[in-house]
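Chain and residue survey
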Amino acid sequence: IIPDPSYGLQRGMMDAVRGAVNSADVYLVVTDVYSGRRKDGKEFDGTLGLGEDMLDRLRRYGRPVLVAVNKADLADEADGGDGDYDNTPPMAVEAVMAWREALPDAFAIVPCQASAGPTDPGVSALRTILLANDPDSDVGGAIRGLGRPVPG
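Described below are features of the structure shown in this document. (Residues numbered from 1 in each chain as written. Predicted model: local features only at pLDDT ≥ 70, side-chain atom pairs only at ≥ 80, totals over all residues. Heavy atoms only, no water.)

Focus: the overall build of the protein chain
As a reminder of what qualifies: Secondary structure is summarised from DSSP: a helix means a run of H or I of at least four residues, a strand means a run of E of at least two, and numbering begins at the N terminus for each. Here's how the labels work: a residue is buried when its accessible area is under 20% of the maximum for its type, exposed when over 50%, partly exposed in between, all with a 1.4 Å probe on protein chains only. Two residues qualify as a contact provided that any one of their heavy atoms is within 4.5 Å of a heavy atom in the partner residue. The accessible surface values rely on the Shrake-Rupley method and a 1.4 Å probe; as for residues, cover is taken only from the protein chains in view.
From N to C terminus, the protein chain includes six helices and three strands. Listing the helices and strands of the protein chain from first to last along the sequence gives α-β-α-β-α-α-β-α-α. Out of the 152 residues in the protein chain, the part that is buried amounts to 37%. For the protein chain, the share of sequence-separated contacts (at least 6 apart) that also reach a separation of at least 24 residues comes to 58%. Carbon and sulfur atoms make up 52% of the accessible area of the protein chain, which totals about 8900 Å².

Next up, the structure:
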């Protein structure tokens, strides 16, 4: 979102964004395990890189919010793993917990590895949640497919 558009094209784009935000059924925030971390890498800033205004909007609009916390594989490597994570790495768990604190009413906050494509349990869970009105969709099964629960 461009808070202060400086020319006509930007104003037009922001009008389109506002229209989409106002008519959306669900908000999908795509972030990664590093977004919003302070320079020391150990703590998160209070807005997770989105800014307080955007977080307030997400809280206020009253629509379901899904958060995809991408790059869980890189978090596994940063935590000393081989990048082929079987359980959610501690760094990704910290990111999920930070998002849960920022958006306590979010419908789901899901760690994932988008580079793995549709076979990644997090990507699969997000797709299933977004297609929940499909009678063939098994949201519970997709969530169980994530494995060990992550706090938050």
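Moving on from the coordinates now.
Some details on helix H5 (residues 121–130)
Structurally, the α-helix is built with 3.6 residues per turn, so residues lying three or four positions apart point the same way. Keep this limit in mind: Two N or O atoms form a polar contact when they lie within 3.5 Å of each other; inside protein one atom must be a possible hydrogen donor and the other a possible acceptor, and for residues adjacent in sequence the pair counts only when both atoms belong to side chains.
What H5 keeps buried is the set Gly122, Val123, Ala125, Leu126, Thr128 and Ile129. Between a side-chain oxygen at the N-terminus of H5 and the backbone nitrogen of glycine 122 the separation is 3.0 Å; the capping residue is aspartate 120.

With respect to the pattern of salt bridges
The cut-off we apply is this: Any carboxyl oxygen of Asp or Glu within 4 Å of a side-chain nitrogen of Lys or Arg constitutes a salt bridge here.
This model, assessed by the stated rule, comprises four salt bridges. Residue lysine 71 pairs with aspartate 32 through a salt bridge whose shortest N-O separation is 3.9 Å. Residue lysine 71 is found in the loop between strand E2 (65–70) and helix H3 (72–78), and its partner aspartate 32 is found in strand E1 (residues 27–32); the two are separated by 39 residues along the sequence. A relative accessible area of 16% means that aspartate 32 is categorised as buried. Linking glutamate 52 and arginine 59 is a salt bridge whose minimum nitrogen-to-oxygen distance equals 3.0 Å. In this structure arginine 59 comes out as partly exposed when scored by relative accessible area, which is 38%. Here the salt bridges share partners, and the residues they tie into one network are Glu52, Asp56 and Arg59.

Some details on unusual backbone geometry
Glycine aside, residues mostly have negative phi angles, and peptide bonds mostly take the trans form. For lysine 71, which is not glycine, the phi torsion reads 70° and is therefore positive. Owing to a relative accessible area of 32%, lysine 71 belongs among the partly exposed residues under this scheme.

Section: the sheet that holds E2
Test applied: Pairing between two strands is assigned when DSSP locates at least 2 bridges connecting them. For helices, the axis comes from a line fit to the C-alpha atoms of the stretch in contact; other axes are also lines fit to C-alpha atoms, and the angle between any two N-to-C directions lies between 0 and 180 degrees.
One open sheet holds the three strands; their spatial order is E1-E2-E3, and the pairing between them is parallel. Two strands close off the open sheet at either side, each with one partner strand: E1 and strand E3 (108–111). Shown here is a sheet whose adjacent strand axes are inclined to one another by a mean of 15°, direction ignored. Packed on one face of the sheet, H5 meets E1, E2 and E3 and runs near 150° to E3.

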